[in-house]
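Structural description and commentary
Read off the chains here:
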Amino acid sequence: MANNVGKQFERNFKDSCDKQGILWERYPDSNKFNFGKGTRFTTQNPCDGHIFYKGHLYYIELKSSKTGSLSFRLPPSKEQTSIKPHQIKSLLERDKYDD
């Protein structure tokens, strides 16, 4: 795992979950694949992972910020934001389900 502020935050989050007996499952980082002639494929995770706590499933997108705020757009756009458009869409889709 890279040694930067964001990755340290993720490690702290995992350690905190472990100490509290909360299941944290992180999705593997997306990788880009080249298939020749410039074709690229990148998997898109819906978020960083999920926790299961007291019978409830929570999808989590972890972010650290130097400014204390995060940017996102609704509806999602291709402009540079802290949370990627496909993640906003994925999290909103998952929010439609009850416990």
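Here, every reference points to the structure presented above.
First, a word on what this report is: a plain description of the structure on this page. (Residues numbered from 1 in each chain as written. Predicted model: local features only at pLDDT ≥ 70, side-chain atom pairs only at ≥ 80, totals over all residues. Heavy atoms only, no water.)

Details of the pairing of strand β5 (residues 56-60)
Test applied: Two strands are said to pair when DSSP picks up at least two bridges between them. Each helix is a run of DSSP H or I of at least 4 residues and each strand a run of E of at least 2, with the numbering of both proceeding from the N terminus.
Here five bridges tie strand β4 (residues 49-53) to β5, and the two strands are oriented antiparallel to one another. Across the sheet, His50 pairs through a bridge with Tyr59, a residue of β5. The turn linking β4 back onto β5 is made up of two residues, and Lys54 within it adopts a positive phi angle of 50 degrees.

Observations regarding the side chain of Glu10
As a reminder, the rule being used: Note on classification: 1.4 Å probe, protein chains only; a residue is buried when its accessible area is under 20% of the maximum for its type, exposed when over 50%, partly exposed between these limits. By definition in these notes, contact holds between two residues if any of their heavy atoms fall within 4.5 Å.
By the secondary structure assignment, Glu10 is in helix α1 (residues 5-20). Residue classification places Glu10 among the buried residues on the basis of a relative accessible area of 10%. If we skip the residues at most four places from it in the chain, Glu10 touches Arg26, Asp48 and Leu62.

Concerning a nonpolar patch on the surface
Heads up, the condition is: Any residue with relative accessible area above 30% and no salt bridge may belong to a patch, with like charges joined within 9 Å and the nonpolar Val, Leu, Ile, Met, Phe, Trp and Tyr side chains within 5 Å. Working definition of accessibility: Shrake-Rupley area with a 1.4 Å probe, residue cover restricted to the visible protein chains. The rule for a salt bridge is simple: a side-chain nitrogen of Lys or Arg has to be within 4 Å of a carboxyl oxygen of Asp or Glu.
On the surface, Leu23, Phe52, Leu57 and Tyr59 cluster together to form a nonpolar patch covering roughly 360 Å² of accessible area. As for its placement among the helices and strands, Tyr59 is situated in strand β5. By relative accessible area, which is 32% here, Tyr59 ends up partly exposed.

Points about the sheet that holds β4
Note the following rule: Every axis in this analysis is a line fitted to C-alpha atoms, fitted for helices over the stretch in contact. Angles between the N-to-C directions lie between 0 and 180 degrees.
Taken together, the three strands give an open sheet; going across it, the order is β1-β4-β5, and neighbouring strands pair in antiparallel fashion. Two strands close off the open sheet at either side, each with one partner strand: β1 (23-26) and β5. Taken over all neighbouring pairs, the strand axes of this sheet differ in orientation by 20 degrees on average, direction set aside. On the sheet, α1 packs against β1, β4 and β5 and is oriented at approximately 150 degrees with respect to β1.

A look at the pairing of β4
The side chains of a regular strand alternate between both faces of the sheet. Sheet topology places β1 next to β4; four bridges connect them, and they run antiparallel. If you follow Arg26 over to β4, its bridge partner there is Gly49.

Some points on the pattern of salt bridges
Opposite charge on two side chains makes pairing possible when the charged atoms of those side chains draw close. Summed over all chains, the structure comprises four salt bridges. For the salt bridge of Glu10 with Lys7, the shortest nitrogen-to-oxygen distance reads 3.6 Å. Within this pair, Glu10 and its partner Lys7 are both found in helix α1, separated by three residues, close to a single helical turn. There is no split in this pair, since Glu10 and Lys7 are both buried. Glu61 is the salt-bridge partner of Lys63, the closest N and O atoms lying 3.1 Å from each other. With a relative accessible area of 27%, Lys63 lands in the partly exposed category. Accessibility expressed as a relative area gives 16% for Glu61, which makes it buried.

Keep in mind these values describe shape, not function.
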